[in-house]
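This is what each chain is made of:
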Amino acid sequence: MSADWRANRSDDEEDEQEEIYAGRSGLILTVDCAGYMFEQDDESESPFVEVLHIVEAIMRNKVVMNETDLVGVVFYNTKNNPAPDSDEEMQPGLVAPRQCAIYIPLGNPSVEMIRKVRGMRESNDLFGFESKYGHSENTSLSNVMWLCSRMFSHCGYKLRQSTIILFTSNDIPHANGSNEYQQALVKARDLLQKEIFVELVPMSSNFDCDKFYKEFICTVLEEDMSEFDAPVYETSKAKLVYRLFVRSYKKRSLAHLKWHLSEDVALGVNLYTLRRSPHYPKKVRLLRSTNEVIVSKRVHISCALCKDGEQETSKVILPGEQRKSITVGGEKVSFKPEEVTHMKQLLPPGIRLLGFKPASVVSMTNHIRSCLFLYPNEDYINGSTVLFRALYEKCLEKNQVAFCMLTTRRKQPSKLVALVPQQALAHDPLGEANRPCGFRVEFIPFAGDIRNLSMLEEVPTAEVTDEQTDLFKKAIKKLKFKFHPSYFEDPASQNLYINIESLVFDVEDAELFDSTRPDCEKIDSKLEPIITDMERMFGEDAEEAPKRRRAEGGDNEGEPKAKGPKVVPVNDSELVEIVKQGKGESLTVDILRKYLQKQNVRGIKALKKTDLVEKVLELNAN
């Protein structure tokens, strides 16, 4: 079982593993432009304008999350088929069919794309939509899907995933049993073979998917119609408009490792990270005069100096010629790079089981960094899934955790970890699992990492009465709320991207909603019934004294005066004259001490300035 998979894997298999994550995603937003999409109530916007809001939000999200993805916009049910606005948007070999138009060709999301969508949305006549595109109905959905498929094939990139999002409020585009109906289902099977996904966003609350789109989408996604979950207008719209200011990451494992249960038994596992801090856009240094990118390089050079201090020789030091040193007992101890590597890496990469302990020994105080996630890898070692599952279920049954030594990769120190079994939980509001089943990797501190705080040992514990404890039980009960990480956005990343967007799109007074700020008014209203009891038991909060500020100048009464400049005497006689005139405060302590040391006065290190001035006066009393 413990045979190493790498010895039997060919180069082709490694290439297939890399191809899983190769390429980029393509997204085409297909919008129905029939007359019913432009009907609006007095209080709400038309469905078409709502779609433009969603399209703009999707593009802004793509710019932040993954700017290498491709996005395009297609209109159908149009009367006219105008040519693209510029020659750059012309794609050779790509012609839109009748009653279809390419508004934005498939390309990387850019500021120009967002401005084009925003400009149409904010325009009174939608950039002359009525005369330029017009409205029609009964456009063949097969032709629309054919156009989107051609756009994916002519984009010039290898796409990892191709998705079509369809916005419409018409739940019966073709009559049941008609020729167009059959052609749409045939095209759905073609999309299935080409691995192109279709997502429906109904723009009406009365939309009925059972009339047509249920069979169409189930054919594209190869799903059972009995298990089809029909999209809802409000839910689908909120999911697309939701702004998440974080870059997307490739869903690959951190490491492929062996979990050694003994010398003869090992199973293959993958190490994943479920939570990580977002990386902000990298700043680039520019030359102020020309805005050119500044490229900096670091070179290590050794120089030899002559006796007179002038440089004699210089030589560039290569990485293999460099040394690292530490000072121990006043002596410098140098190490070669390979010696530093050997000191860090005590064990080869892998996980080595130490033993099992009850889950209660893993305390929250031992949480020294974010957790990782462990899952079996059947491609690494055959039979790993069965062994992993058996061990996982037994640890859950006995409430035990596995303590191990983890070495993620070469040239890295080993870590003490506890593998805690966890069960899968319900889904969050965005439809993703809160916690998958498997082993959670908790990092445990070593003995040298634990610190004891003297302040906790020296300060006696305050005595609290039962009445005071009951009062705060009521306060805690009143301030309880439902928590989930998705309810709180990172204010730093939000502020960064909102400011960037406001600069790019010339938006003044950009609003930032900080979800981490407490609602003080709501808290005060809930605690109002017990505020009087708190003041009675604990007293009112002491007011902080205002900080003293140094006056900038002037002779105003009550304001502290700025200290005068320090005086540096030319010789000892001038120093004595200054002291006799009562201006000794203008001399520094260092000057007074040096003068007294010249006069062989001892015991002056601990004296203050006033005492030093008195010493000088005593020496020169005659």
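Above: the structure in question.
Worth saying up front: this structure is predicted, and the values here are computed from it rather than measured.

Peer 1: Explain the overall build of the chain to me, please; I cannot follow it from the model alone.
Peer 2: The secondary structure content of the chain amounts to 17 helices and 16 strands. In the chain, which comprises 622 residues, the proportion classed as buried is 34%. The contacts of the chain with a sequence gap of at least 6 include a subset with a gap of at least 24, amounting to 69%. Roughly 41700 Å² of accessible area belongs to the chain as shown, and the carbon and sulfur atoms make up 50% of that amount.

Peer 1: It is not clear to me how the sheet that holds strand β14 (residues 400-407) should be interpreted in this structure. Could you clarify?
Peer 2: Note on sheets: strands pair through backbone hydrogen bonds, and any given pair is parallel or antiparallel. The 7 strands are arranged β6-β7-β13-β16-β15-β14-β12 in a closed barrel whose pairing can be described as mixed. Shown here is a sheet whose adjacent strand axes are inclined to one another by a mean of 40°, direction ignored. In this structure, strand β13 (residues 372-376) lies alongside strand β16 (residues 438-443), joined through 3 bridges in antiparallel fashion. Bridging from a neighbouring strand, Phe-373 pairs with Arg-440 of β16.

Peer 1: Whenever I open this one, the sheet that holds strand β1 (residues 24-32) confuses me. Can you help?
Peer 2: With respect to topology, 5 strands assemble into an open sheet ordered β3-β2-β1-β4-β5, the strand pairing being mixed. Taken across any chain shown, the strands that pair with only one partner, and hence form the sheet edges, are β3 (100-107) and β5 (196-202). The average undirected angle you get between the axes of adjacent strands in this sheet is 15°. In this fold helix α3 (residues 111-122) packs onto β2 (70-76) and β3, with an angle of close to 150° to the strand it touches most, β3.

Peer 1: How should I be thinking about a nonpolar patch on the surface in this particular structure?
Peer 2: On the surface, Val-284, Leu-286, Val-293 and Val-295 cluster together into a nonpolar patch covering about 390 Å² of accessible area. Take Leu-286: it is sitting in the loop between β7 (266-272) and β8 (301-305).

Peer 1: Would you mind showing me how to read helix α8 (residues 233-241) here?
Peer 2: For an α-helix the count is 3.6 residues per turn, leaving residues at separations of three or four pointing the same way. Every buried residue belonging to α8 is among Tyr-233, Ser-236 and Leu-240, and all of these are buried. Buried residues of α8, viewed axially, fall in a sector of 80°; they line one side. α8 presents Glu-234, Thr-235 and Lys-239 as exposed residues on the side facing more than 90 degrees away from its buried surface. Packing partners of the buried residues in α8 comprise α2 (47-65), β4 (159-168) and β5.

Peer 1: When you look at the side chain of Ser-25 in this model, what are you seeing that I'm missing?
Peer 2: Mapped onto the fold, Ser-25 is located in strand β1. By relative accessible area, Ser-25 is classed as buried at 12%. Contacts of Ser-25, omitting those with residues within four sequence positions, involve Asp-69, Leu-70, Leu-159, Arg-160 and Gln-161.

Peer 1: Whenever I open this one, empty space enclosed by the protein confuses me. Can you help?
Peer 2: With a probe scaled to a water molecule rolled over the atoms, the places where space remains empty come into view. Applying the stated criterion across every chain, the model contains 2 cavities of 30 Å³ or more. Its volume calculated, the largest cavity comes out at about 70 Å³. Looking at the largest cavity, the residues that line it are Asp-32, Tyr-36, Tyr-76, Asn-77, Asn-138, Thr-139, Thr-168, Asn-170, Pro-173, His-174 and Tyr-213. Here the residues of the lining of the largest cavity are counted per class, giving 4 nonpolar, 6 polar and 1 charged.

Peer 1: What's the story with the packing of α2 against α3 in this structure? I'm lost.
Peer 2: If you want to describe how two helices pack, look at the angle between their axes and the distance between the axes. At a minimum axis separation of 9 Å, α2 and α3 run at an interaxial angle of 160°. When the axes of α2 and α3 are compared, the pair comes out roughly antiparallel. By crossing handedness, the relation of α2 to α3 is classed as left-handed. The residues of α3 that touch α2, namely those facing Phe-48, Val-49, Leu-52, His-53, Val-55, Glu-56, Met-59, Arg-60 and Val-63, are Met-113, Ile-114, Val-117, Arg-118, Met-120 and Arg-121. Here the contact of α2 with α3 is built from residues that sort into 10 nonpolar, 1 polar and 4 charged.

Peer 1: Quick question: what am I supposed to make of the pattern of salt bridges here?
Peer 2: Close approach of charged atoms allows side chains with opposite charge to pair. Evaluation of the coordinates by the stated rule reveals 16 salt bridges. A salt bridge links Glu-321 to Lys-315; the nearest nitrogen and oxygen atoms lie 3.9 Å apart. Residue Lys-315 is classed as partly exposed on the basis of its relative accessible area, which comes to 48%. Taken together, the shared-partner salt bridges in this structure form one network comprising Glu-56, Arg-60, Arg-118, Arg-121 and Glu-122.

Peer 1: Could you clarify how one ought to interpret the packing of aromatic side chains in this entry?
Peer 2: Aromatic ring pairs are reported here in terms of the distance separating the ring centres and the angle at which the planes meet. Inspection of every chain in the model, using the stated rule, returns 22 aromatic pairs. With centroids separated by 6.0 Å and ring planes inclined at 80°, the aromatic side chains of Tyr-392 and Phe-439 adopt a geometry described as edge-to-face. Here Tyr-392, found in helix α10 (residues 384-398), pairs with Phe-439, found in strand β16; they are 47 residues apart in sequence, far enough to count as distant. For the pair Tyr-392 and Phe-439, a shared accessibility class is recorded, and that class is buried. Every member of this aromatic cluster is reached through a ring pair, and the members are Phe-38, Phe-48, Phe-75, Tyr-103, Phe-129 and Tyr-133. Above the ring of Tyr-103, the side-chain terminus of Lys-116 is found at 4.8 Å from the ring centroid. One cation-aromatic arrangement involves Arg-369 over Phe-443; the distance from NZ or CZ to the ring centre is 4.1 Å.

Rules and cut-offs
- Residues numbered from 1 in each chain as written.
- Predicted model: local features only at pLDDT ≥ 70, side-chain atom pairs only at ≥ 80, totals over all residues.
- Heavy atoms only, no water.
- Helix = DSSP H or I, 4+ residues; strand = E, 2+ residues; numbered from the N terminus.
- Buried < 20%, exposed > 50% of the residue type's maximum accessible area, 1.4 Å probe, protein only.
- Contact = heavy atoms within 4.5 Å.
- Areas by Shrake-Rupley, 256 points an atom, 1.4 Å probe, with all protein chains shown as cover.
- Pairing = 2+ DSSP bridges.
- Axes fitted to C-alpha atoms, helices over the stretch in contact; angles between N-to-C directions.
- Patch = residues over 30% accessible without salt bridge, like charges linked within 9 Å, V, L, I, M, F, W, Y side chains within 5 Å.
- Salt bridge = Lys/Arg side-chain N within 4 Å of Asp/Glu carboxyl O.
- Arc of directions from axis to C-beta.
- 1 Å grid on protein atoms, 1.4 Å probe; cavity = no way out; pocket = protein on both sides within 12 Å on 5 of 7 lines; lining within 4 Å.
- Points joined across faces, edges and corners; volume = space filled by probe spheres on them.
- Nonpolar A, V, L, I, M, F, W, Y, C, P; charged D, E, K, R; others polar.
- Parallel < 35°, antiparallel > 145°, perpendicular 65-115°, else oblique.
- Left-handed = near helix turned anticlockwise from the far one by under 90°.
- Phe/Tyr/Trp six-rings, centres within 6.5 Å; stacked < 30°, edge-to-face > 60°.
- Lys NZ or Arg CZ within 6 Å of the ring centre and 35° of its normal.

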